[in-house]
Amino acid sequence: STISINRFGNNPSNEIFITDPLNHNLHIFSPTGREIRTIGGKNSWGVTNAVKGTENQIYNFPHKVFVVNDGSYLVVDNNSVRHVSADGEILKVTLLSKECWYSEGIAITSDGTLFCSAWTKITVRFSDGVTTSIGTGLSDHRDGISSTAAFQNLRSMAVWQDEIYVTESSYSGYIR
């Protein structure tokens, strides 16, 4: 579903992280493509805080993975974000707000601000826990400030140089 490469920090490993939502797993590969390990549930799903990269770390359809500068990573599934250490220990589980459940578009900035697409608006959760939204919630295409902008069926999101980019559904063709 998502690919991320550990290319950050003082000693980047260049390991490749791939989410496998149907099997509730996260696969980690060497830069040459050899699978190093699989973390996640064996035919099971849910929210857990199990220890160190085993099948006991049950994910609920993981669909995004973000590598952090210190070599740890964030795994986003249908209703939570898990901060996992480089050696596979879950450090923290944060439940997503209901608006972000099953979101196709998730982006996390370097300061920990989380953005998720919620069909016709963007939900924002700052690192201090404060939330807000961008967009009117009406299905439309309108540029503007956060309270007047309108979106049509938001899909994927990405962060690039402190800016958030979002794509709308394939039939609208917009990248904003």
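Residues numbered from 1 in each chain as written. Predicted model: local features only at pLDDT ≥ 70, side-chain atom pairs only at ≥ 80, totals over all residues. Heavy atoms only, no water.

Describing unusual backbone geometry
To be explicit about the condition: Each residue's exposure class comes from its accessible area (1.4 Å probe, protein chains only) as a fraction of the maximum for that residue type: buried when under 20%, exposed when over 50%, partly exposed otherwise.
One non-glycine residue with positive phi stands out, namely N14, at about 60°. The residue N153 is not glycine, and still its phi comes out positive at about 50°. For N153, a relative accessible area of 11% puts it in the buried group.

Brief notes about the layout of surface pockets
Our working definition: In this analysis, the protein atoms alone were mapped onto a 1 Å grid. Cavities are point sets where a 1.4 Å probe fits without being able to get out; pockets are open sets with protein on both sides within 12 Å along at least five of seven lines; lining residues have an atom within 4 Å of a point. Grid points are joined across faces, edges and corners, and a volume is the space filled by probe spheres set on the points. To qualify as a helix, a DSSP run of H or I must reach at least 4 residues; to qualify as a strand, a run of E must reach at least 2; elements of each kind are numbered from the N terminus. Residue polarity is assigned by list, with Asp, Glu, Lys and Arg as charged and Ala, Val, Leu, Ile, Met, Phe, Trp, Tyr, Cys and Pro as nonpolar; anything else, Gly included, falls into the polar class.
In this structure, the largest pocket spans a volume of roughly 1300 Å³. Along its surface, the largest pocket is lined by 40 residues, and F66, L74, I108, T109 and S110 are the ones closest to its centre. Counting residues per element, the ones that place at least two in the lining of the largest pocket are β1 (3-5), β5 (64-67), β7 (80-84), β8 (90-95), β9 (106-108), β11 (122-125) and β13 (154-160). Tallied by class, residues from the lining of the largest pocket come to 20 nonpolar, 14 polar and 6 charged. The computed volume of the second largest pocket comes to approximately 210 Å³. What lines the second largest pocket is a set of 13 residues, and nearest its centre among them are I122, I134, G144, A149 and F151. Residue composition of the lining of the second largest pocket, by class: 8 nonpolar, 2 polar and 3 charged.

Quick notes on the state of the cysteines
Note the following rule: The term disulfide is used for any two cysteine sulfur atoms that are within 2.5 Å.
Counting across every chain of the model gives 1 disulfide. With a sulfur-sulfur separation of 2.0 Å, C100 is cross-linked through a disulfide to C116. The sign of the S-S torsion, about -70°, decides the handedness of the disulfide formed by C100 and C116: left-handed. You can see C100 sitting in the loop between β8 and β9 and its partner C116 sitting in strand β10 (residues 114-117), a full 16 residues away along the chain. By the burial criterion, C100 is buried, and C116 matches it.

A look at the packing of aromatic side chains
Using the following cut-off: When the centres of two rings from Phe, Tyr and Trp lie within 6.5 Å, Trp using its six-membered ring, the rings pair. Their planes under 30 degrees apart give stacked, over 60 give edge-to-face, and anything left gives tilted.
This structure, assessed with the given rule, holds 1 aromatic pair. Geometrically, the ring pair formed by F17 and Y73 is tilted, given 4.9 Å between the ring centres and 55° between the ring planes. With a gap of 56 residues between them, F17 in strand β2 (residues 16-20) and Y73 in strand β6 (residues 73-76) connect regions that are remote in the sequence. Judged by relative accessible area, F17 falls into the buried class, the value being 2%.

Digging into the sheet that holds β1
Backbone-to-backbone hydrogen bonds pair the strands of a sheet. The strands run either parallel or antiparallel. Where we set the bar: Here the rule is simple: two strands pair whenever DSSP picks up at least two bridges between them. Convention adopted: a line fitted to C-alpha atoms gives each axis, helices being fitted over their contacting stretch, and angles between N-to-C directions are expressed from 0 to 180 degrees.
Pairing in this open sheet of 4 strands is antiparallel, and the strands run β1-β2-β3-β4 from one edge to the other. Two strands bound the open sheet, and with one partner strand each, they are β1 and β4 (35-40). Neighbour-to-neighbour, the strand axes of the sheet open up by a mean angle of 20°, direction not taken into account.

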